[in-house]
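Residue-level listing of the chains:
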Amino acid sequence: MAVKNNLKKPVAENKAGFPIPEGNYKMILIGFAIVVLGFILMMGGGSEDPNQFNYDIFSFRRITLAPIVVLAGFGFVFWAIMRKPKKEIKD
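Residues numbered from 1 in each chain as written. Predicted model: local features only at pLDDT ≥ 70, side-chain atom pairs only at ≥ 80, totals over all residues. Heavy atoms only, no water.

## Some remarks on the nonpolar core
- Among the nonpolar cores identified, the biggest contains five residues, and these are Ile20, Met27, Ile28, Val77 and Ala80.
- Elements that contribute at least two residues to this core include exactly α1 (22–42) and α2 (60–82).
- When near neighbours in sequence (up to four residues on either side) are disregarded, Ile28 contacts Ile20, Val77, Ala80 and Ile81. (Core = buried A, V, L, I, M, F, W, Y, C linked by side-chain atoms within 4.5 Å. Buried < 20%, exposed > 50% of the residue type's maximum accessible area, 1.4 Å probe, protein only. Helix = DSSP H or I, 4+ residues; strand = E, 2+ residues; numbered from the N terminus. Contact = heavy atoms within 4.5 Å.)

This is how it looks when you write it as C-alpha coordinates:
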(Lines give C-alpha, C1' and ligand atoms only; values in the text may rest on other atoms or scores of the structure.)
Protein backbone atom coordinates (compact mmCIF):
# COMPACT_ATOMS: atom_id res chain seq x y z
CA MET A 1 0.00 0.00 0.00
CA ALA A 2 1.43 3.38 -1.02
CA VAL A 3 1.48 6.20 1.48
CA LYS A 4 0.37 9.59 0.19
CA ASN A 5 2.48 12.61 1.09
CA ASN A 6 0.03 15.40 1.91
CA LEU A 7 2.66 17.87 3.07
CA LYS A 8 2.68 21.09 1.10
CA LYS A 9 6.03 22.51 0.21
CA PRO A 10 6.55 26.21 1.03
CA VAL A 11 6.70 28.50 -1.95
CA ALA A 12 10.01 30.35 -2.10
CA GLU A 13 9.54 33.93 -3.24
CA ASN A 14 13.24 34.79 -3.33
CA LYS A 15 15.27 32.95 -5.92
CA ALA A 16 18.54 33.28 -4.01
CA GLY A 17 17.00 31.96 -0.80
CA PHE A 18 17.57 35.11 1.26
CA PRO A 19 14.90 35.85 3.86
CA ILE A 20 14.84 39.57 3.00
CA PRO A 21 14.64 40.92 -0.57
CA GLU A 22 17.67 42.67 -2.06
CA GLY A 23 16.06 46.12 -2.04
CA ASN A 24 15.46 45.84 1.70
CA TYR A 25 19.17 45.21 2.34
CA LYS A 26 19.98 48.49 0.61
CA MET A 27 17.46 50.29 2.81
CA ILE A 28 18.93 48.66 5.94
CA LEU A 29 22.36 50.00 4.95
CA ILE A 30 20.88 53.47 4.49
CA GLY A 31 19.33 53.23 7.96
CA PHE A 32 22.67 52.13 9.40
CA ALA A 33 24.30 55.19 7.81
CA ILE A 34 21.64 57.41 9.46
CA VAL A 35 22.43 55.85 12.86
CA VAL A 36 26.17 56.41 12.34
CA LEU A 37 25.46 60.03 11.36
CA GLY A 38 23.54 60.49 14.62
CA PHE A 39 26.48 59.19 16.64
CA ILE A 40 28.85 61.46 14.73
CA LEU A 41 26.61 64.40 15.66
CA MET A 42 27.00 63.42 19.33
CA MET A 43 30.79 63.57 19.21
CA GLY A 44 32.88 66.46 20.50
CA GLY A 45 32.42 68.99 23.22
CA GLY A 46 35.33 67.82 25.29
CA SER A 47 37.79 70.11 27.00
CA GLU A 48 41.53 70.32 26.37
CA ASP A 49 42.15 71.15 30.02
CA PRO A 50 40.73 68.59 32.50
CA ASN A 51 40.42 71.32 35.16
CA GLN A 52 38.09 73.44 33.00
CA PHE A 53 34.50 72.42 32.22
CA ASN A 54 33.29 72.92 28.65
CA TYR A 55 29.56 73.73 28.37
CA ASP A 56 29.51 72.79 24.67
CA ILE A 57 28.41 69.27 25.65
CA PHE A 58 24.97 70.71 26.39
CA SER A 59 24.42 72.09 22.88
CA PHE A 60 21.18 71.52 20.95
CA ARG A 61 23.03 69.32 18.47
CA ARG A 62 24.29 66.85 21.07
CA ILE A 63 21.32 66.79 23.45
CA THR A 64 18.35 66.95 21.06
CA LEU A 65 19.20 66.58 17.39
CA ALA A 66 21.61 63.62 17.55
CA PRO A 67 19.32 61.33 19.62
CA ILE A 68 16.42 62.12 17.29
CA VAL A 69 18.55 61.22 14.27
CA VAL A 70 19.69 57.96 15.91
CA LEU A 71 16.13 56.94 16.80
CA ALA A 72 14.94 57.84 13.29
CA GLY A 73 17.73 55.63 11.89
CA PHE A 74 16.69 52.70 14.08
CA GLY A 75 13.07 53.22 13.07
CA PHE A 76 14.07 53.28 9.40
CA VAL A 77 16.02 50.02 9.81
CA PHE A 78 13.03 48.39 11.54
CA TRP A 79 10.74 49.54 8.72
CA ALA A 80 13.21 48.28 6.09
CA ILE A 81 13.28 44.84 7.71
CA MET A 82 9.49 44.56 8.03
CA ARG A 83 8.59 46.02 4.61
CA LYS A 84 7.16 43.61 2.08
CA PRO A 85 8.04 44.25 -1.56
CA LYS A 86 5.22 45.06 -3.94
CA LYS A 87 4.20 42.08 -6.03
CA GLU A 88 4.20 42.61 -9.76
CA ILE A 89 0.90 41.97 -11.49
CA LYS A 90 1.34 39.72 -14.49
CA ASP A 91 -1.47 39.50 -17.01
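## What about the packing of aromatic side chains?
- Considering all chains together, one arrives at three aromatic pairs under this definition.
- Ring centres of Phe53 and Phe58 lie 6.0 Å apart, and the angle between their planes is 40°; this geometry places the pair in the tilted category.
- Residue class for Phe53 comes out partly exposed when judged on its relative accessible area of 47%. (Phe/Tyr/Trp six-rings, centres within 6.5 Å; stacked < 30°, edge-to-face > 60°.)

## Side note on the side chain of Asn24
- Locating Asn24 in the fold gives a position in helix α1.
- Residues in contact with Asn24, not counting those within four places in the same chain, are Ala80, Ile81 and Arg83.

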